[in-house]
Amino acid sequence: MFSHDLTKKIFFWQLIAHVVILLVCGSYTIAAGNIFNARQKNMIILGLIFGILELLLIRHEVNKNEVLRQASYYFSAVAVCYVLSHSLFLLTKLLSHFNLVNANVWMLLITLYTFVMYIPLARLVLSKISSNMGRIIVLAVVIFNNTIGIQGDIAGNLHYAKLFTIMNNSGVTGIPILIIITLIVMDSWHIKKPHFFFSSEVSVATSFFILLIIALHLAYIIYAITVNWFTFESAFKFYVSQIDWAVILNALRCGVAEEWINRFCIISLLAQIFANRKSRILLIMISDGLIFGFWHITNVFYQSLPATLLQMFTVSSMGMLFAAIYLYTHSLLTTMIYHGVYDLIVFVISKNFGTYGQALKRTIMLTSQNYYSAIIQFCVFLILGLIIISGKKHQKVIGANLTQI
């Protein structure tokens, strides 16, 4: 691992390089205004502001006031992520405009670079954030959004190998980046690595109950979408025919990346926040579910606001159930599989993605039945979650699991 001083130098010169890219893009914008649209021109201006301020911040560190120093870390997280990702996006647009890039080679290089791009930021900035709630916000909003799908955003309208395009647009190639960054910062925050398999403390009966819940929930979804078909066989064949790489990889991204952040990272930090609270386990479960639900507000870019709010409500209850399962079993793999298979089924039904794996805008007509179903689902999942975390034996198992975080 690089020393602190060497990492700091890499961080500084990396930022310089990306600011230079923005300056080049800005120069071409002045010389030939038709290259970038209005939104992209704003990216250049904002990126330069962020980049220059961050360079000044690096050169003149805030040492005296702890509040200002912590504020500088939050600013750096936002500024650096913005500059790094948007400068690569704009550079790609510029090179493709002049036909100076081979799409396959360029995207391969971009993908390899993004695997290490945020490591200096993680070591020098993210690791020094002291507030657990601040850590949750930075990881869930800034880091997740700038690692998952970054290659798809950078690629823009480039045409390259179809499977590679789907991988980038789905966000699955961002999973290793997310894991690398979070492992670095979680280690610096003295949080242990995740546990993937059932804890040895869990009971056979409760384990069976949890697996039964998962199986019945997934079976119910399949039943609900095939009940209006003449035969189950014809419905099954139709929906299986709708499964493609775009659906599979997007479900994989949701199952792995979203569970990694929401169950491993956020629950670990919530465990520290509520460490001395009497109702610690209940607070962790509810808080994790609510954060997970609110996190889906970004779906408003792909569907109406009412549909998004209803989704946030229902997803919150699923998040609580996922949290309860993870707290009791201490098995991240279980919630990853559950979440991934659930989303695979939903994606097949809703046809959320285009041929190349990009998210599509949807028109959802809500009815009173949608609201009734959402309330019932919320209540059922909340009750199931409470059953899993309730009782002295269950609380003892969860308590033992929390000591390993």
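The structure contained in this document is the topic of the report that follows.

Procedures and definitions
Residues numbered from 1 in each chain as written. Predicted model: local features only at pLDDT ≥ 70, side-chain atom pairs only at ≥ 80, totals over all residues. Heavy atoms only, no water. Helix = DSSP H or I, 4+ residues; strand = E, 2+ residues; numbered from the N terminus. Rg over C-alpha atoms; globule rule 2.2 N^0.38 Å. Buried < 20%, exposed > 50% of the residue type's maximum accessible area, 1.4 Å probe, protein only. Contact = heavy atoms within 4.5 Å. Areas by Shrake-Rupley, 256 points an atom, 1.4 Å probe, with all protein chains shown as cover. Lys, Arg positive; Asp, Glu negative; His and termini not counted. Charge placed at Lys NZ, Arg CZ, Asp CG, Glu CD. Patch = residues over 30% accessible without salt bridge, like charges linked within 9 Å, V, L, I, M, F, W, Y side chains within 5 Å. Salt bridge = Lys/Arg side-chain N within 4 Å of Asp/Glu carboxyl O. Arc of directions from axis to C-beta.

Our next topic: the overall build of the protein chain. Summing up its helical and strand segments, the protein chain has 17 helices and zero strands in all. The C-alpha atoms of the protein chain give a radius of gyration of 23 Å, which matches the 22 Å a tight globule of 405 residues would have. Seen through its C-alpha atoms, the protein chain measures out along the principal axes to roughly 65 × 55 × 35 Å. Here the protein chain holds 405 residues, and the buried ones make up 50% of them. Long-range contacts, defined here as pairs at least 24 residues apart, represent 81% of the contacts in the protein chain between residues at least 6 apart. On the protein chain, roughly 20,000 Å² of surface is accessible, and the fraction owed to carbon and sulfur atoms is 68%. When the 26 positive and 13 negative side-chain charges of the protein chain are each reduced to one mean point, those points stand 4 Å apart.

Moving on to a nonpolar patch on the surface. On the surface, a cluster of nonpolar side chains totalling about 510 Å² of accessible area is made up of Ile45, Leu46, Ile49, Ile52, Leu53 and Leu56. Inspection of the secondary structure puts Leu56 in helix α2 (residues 38-59). According to the relative accessible area criterion, Leu56 is partly exposed, its value standing at 47%.

Quick look at the environment of Ile180 now. Along the chain, the position of Ile180 falls in helix α9 (residues 175-188). With a relative accessible area of 32%, Ile180 lands in the partly exposed category. Spatially, the C-alpha atoms of Ile180 and Tyr356 are 26 Å apart, while their sequence positions differ by 176 residues. The residues touching Ile180, leaving out its near neighbours within four places in the chain, are Phe115 and Ile119.

Despite not being glycine, His190 has its phi angle at roughly 60°, a positive value. Position of His190 relative to the elements: it lies in the loop between α9 and α10 (204-226). One non-glycine residue, His330, lies in positive phi territory at about 60°.

Of the positions making up helix α17 (residues 392-402), those classed as buried are His394, Val397, Ile398, Asn401 and Leu402. Within α17, the buried residues cover an arc of 140° as seen down the axis, which keeps them to one side. Turned more than 90 degrees away from the buried face of α17, the exposed residues are Lys392, Lys393 and Lys396. Looking at the buried side of α17, the elements it contacts are α10, α12 (245-273), α13 (280-295), α14 (305-329) and α16 (368-389).

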